[in-house]
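These are the residues of each chain, in order.
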Amino acid sequence: MDIRAIFMGLAFALMWSSAFTSARMIVADAPPMTALALRFLVSGLIGVGIAYALGQTARLTRNQWRATILFGICQNALYLGFNFVAMQWVEASLAAIVASTMPLVVALAGWLIFRERLPALGYAGLVAGMIGVGIIMGHRISDGVDLMGLGFLGIGVLALAFATLSVRGAMAGGNLLMVVGLQMLVGSALLSVAAISLESWDINWTPRLGWAFAYTTLVPGLLATWVWFKLVERIGAVRAAAFHFLNPFFGVVVASVLLGESLTLWDVAGVVIIAGGILAVQLARVQRAS
């Protein structure tokens, strides 16, 4: 874990977390599934084009095709689809907090389903994370948060956790940028069908929509993905995942600065506890891997 890896991890966490704020801006002016389908179409075509320019091909292994399709469905269509729809009614900070619990959900599912044991630090992190989520959810529900939007966020996290658990080790074999681009095209195709069936073409063309769409497509969509793979290549997936503990912090800070979303002491306390729980779980995974 050298200085370069630390800066890469910080950059990835900031870019990933900022996507919720830009998504909130997008859904204020455009139908969520339509906007997301267009975003994945543009990102996917750019990713595939760059991959071909780098000499990568679409000749993937069976496991890579499985990962491509599964992630395209679960991560892009379901996880981000439900998040975009939910952010019509819930704040970006809440969406970022819920999404950041994904490492806790994966660790909990690994323990319950696959009987994966963790050091004591990992179990303490799981308990702390649940307490932090309980604090924030209890406060937000008492303040009248939209329950359907909150439910959509929860479904999205479960879909992403399922995909993560289902394709462990399936990304080996090279052509990673090609895999990422194809995943996005799979998500675009599925979301296009849903958008045509459920949404009307009602877009309020504003400069904010244009900037938010371009930023979401290029920065969290492509640049953050590239930085993540370079970080994994440098320090390994287990150690790289430790940077997820920063996502709750960055998510609420960016939403507060750019959107003016207010934070209470309950929110701050919950974010600190969740971040501590995520860090404990990831450090426990590093300890186990070592």
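The structure presented is a predicted model; accordingly, all values stated were derived computationally and were not measured. (Residues numbered from 1 in each chain as written. Predicted model: local features only at pLDDT ≥ 70, side-chain atom pairs only at ≥ 80, totals over all residues. Heavy atoms only, no water.)

**Side note on the packing of helix α4 (residues 92-100) against helix α11 (residues 247-259)**
Right, on to step 1. Where α4 meets α11, the axes come as close as 8 Å, and the angle between the chain directions of the two elements is 170°. In terms of orientation, α4 and α11 fall into the roughly antiparallel class. Between α4, through Ala92, Ser93, Ala96, Ile97 and Ser100, and α11, the contact on the second element is made entirely by Asn247, Pro248, Gly251, Val252, Ala255 and Leu259.
Right, on to step 2. In the contact of α4 with α11, the residues fall into seven nonpolar, four polar and no charged. (Axes fitted to C-alpha atoms, helices over the stretch in contact; angles between N-to-C directions. Helix = DSSP H or I, 4+ residues; strand = E, 2+ residues; numbered from the N terminus. Parallel < 35°, antiparallel > 145°, perpendicular 65-115°, else oblique. Contact = heavy atoms within 4.5 Å. Nonpolar A, V, L, I, M, F, W, Y, C, P; charged D, E, K, R; others polar.)

**Focus on helix α3 (residues 62-86)**
Right, on to step 1. In a regular helix each residue adds 1.5 Å, so 25 residues correspond to 36 Å; α3 covers 34 Å between its end C-alpha atoms and thus fits that length.
Right, on to step 2. Most pronounced at phenylalanine 71, the bend in α3 amounts to some 35°. (Expected span 1.5 Å × (residues − 1). Bend = angle between axes of the 7 residues up to and from the residue.)

**Considerations on the confidence of the model for the protein**
Right, on to step 1. Looking at the protein as a whole, its pLDDT mean stands at 85, while 95% of the residues score no less than 70.
Right, on to step 2. Per-element averaging of pLDDT across the protein places helix α10 (residues 237-240) at the bottom with 70 and helix α2 (residues 32-53) at the top with 92. (pLDDT = per-residue confidence, 0-100.)

**Focus on the pattern of salt bridges**
Right, on to step 1. Inspection of every chain in the model, using the stated rule, returns three salt bridges.
Right, on to step 2. Glutamate 91 is the partner of arginine 140 in a salt bridge, and the nearest nitrogen-oxygen pair spans 3.5 Å. Highlighted residues: arginine 140 in helix α6 (residues 120-142) and glutamate 91 in the loop between α3 and α4, separated in sequence by 49 residues.
Right, on to step 3. Judged by relative accessible area, which is 8%, arginine 140 ranks as buried.
Right, on to step 4. Between aspartate 267 and arginine 140 there is a salt bridge whose closest N-O contact spans 3.1 Å. With aspartate 267 in helix α12 (residues 265-289) and arginine 140 in helix α6, the pair connects residues that are 127 residues apart, well separated along the chain. (Salt bridge = Lys/Arg side-chain N within 4 Å of Asp/Glu carboxyl O. Buried < 20%, exposed > 50% of the residue type's maximum accessible area, 1.4 Å probe, protein only.)

**Topic: the side chain of asparagine 83**
Right, on to step 1. Note on placement: asparagine 83 falls in helix α3.
Right, on to step 2. For asparagine 83, a relative accessible area of 2% corresponds to the buried category.
Right, on to step 3. Only 2.8 Å separates the side chain of asparagine 83 from the backbone oxygen of tyrosine 79, close enough to count as a polar contact.
Right, on to step 4. Apart from residues lying up to four places away in sequence, asparagine 83 is in contact with Phe20, Ala95 and Leu153. (Polar contact = N/O pair within 3.5 Å; in protein donor to acceptor, adjacent residues only side chain to side chain.)

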